[in-house]
Amino acid sequence: NCSSADGSSPIPETPPGQAQSVQVIPKSQAPRELSDSPQVCRCPKALQDRFSFIKLLSQPLETRVFQPKTYLSASNEVFGYTLIITWLLTLIWYPEQIFEHPARPIIGSFNPCFGWDYAPASYIA
């Protein structure tokens, strides 16, 4: 039974359609200033505000705030970065792999996957 003594649930209810943020702070460590805490990356605030991927890398290691919207946005950003990098690699070194792709006559247009179907871009994708 997950009820408290008064019969209510110990889990706070979140209104439908709204994400719930959860903050995890280890009890063994006292809170420190954000500038003193270790981070994976110390990126400028302007980049953190613009890119979710950078925002996640810049979070202090002791304090993690889990917001599903931020993680979804970061995964979309990484997918976009991968597409851009692989298409650029393919266009620079092997443009015929895009323009003469075997699936192009069947599909009738360019497909995002054309950029990473062949090496060297497939090594990144």
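Basis of the calculations
Residues numbered from 1 in each chain as written. Predicted model: local features only at pLDDT ≥ 70, side-chain atom pairs only at ≥ 80, totals over all residues. Heavy atoms only, no water. Helix = DSSP H or I, 4+ residues; strand = E, 2+ residues; numbered from the N terminus. Buried < 20%, exposed > 50% of the residue type's maximum accessible area, 1.4 Å probe, protein only. Contact = heavy atoms within 4.5 Å. Areas by Shrake-Rupley, 256 points an atom, 1.4 Å probe, with all protein chains shown as cover. Salt bridge = Lys/Arg side-chain N within 4 Å of Asp/Glu carboxyl O.

1. A closer look at the overall build of the protein
- Summing up its helical and strand segments, the protein has six helices and two strands in all.
- Each helix and strand of the protein, placed in order from N terminus to C terminus, yields the pattern β-α-α-β-α-α-α-α.
- Taken across its 125 residues, the protein has 19% of its residues classed as buried.
- Taking the intrachain contacts of the protein between residues at least 6 apart in sequence as the baseline, contacts between residues at least 24 apart amount to 45%.
- Total accessible area computed for the protein in this model is approximately 9,300 Å², and 62% of it derives from carbon and sulfur atoms.

2. A closer look at the pattern of salt bridges
- Counted under the stated rule, the structure contains one salt bridge.
- For the salt bridge of Lys 45 with Asp 49, the shortest nitrogen-to-oxygen distance reads 3.1 Å. Placement of both Lys 45 and Asp 49 in helix H1 (residues 45-50) is noted, with a separation of four residues, approximately one turn of the helix.
- Overall, Lys 45 belongs to the exposed group, its relative accessible area being 56%.
- According to the relative accessible area criterion, Asp 49 is exposed, its value standing at 56%.

3. Examining the environment of Phe 99
- Locating Phe 99 in the fold gives a position in helix H4 (residues 96-99).
- Overall, Phe 99 belongs to the partly exposed group, its relative accessible area being 46%.
- In sequence terms Phe 99 and Phe 114 are 15 residues apart; their C-alpha atoms lie 8.8 Å from each other.
- When near neighbours in sequence (up to four residues on either side) are disregarded, Phe 99 contacts Leu 91, Arg 104 and Phe 110.

4. Considerations on the side chain of Gln 97
- Within the secondary structure, Gln 97 is located in helix H4.
- Dropping the residues within four chain positions of it, Gln 97 is found in contact with Thr 90, Tyr 118 and Ala 119.

5. Quick notes on unusual backbone geometry
- With an omega of 5°, the peptide bond between Ala 119 and Pro 120 qualifies as cis.
- Within the element layout of this structure, Pro 120 appears in the loop between helix H5 (104-107) and helix H6 (121-124).

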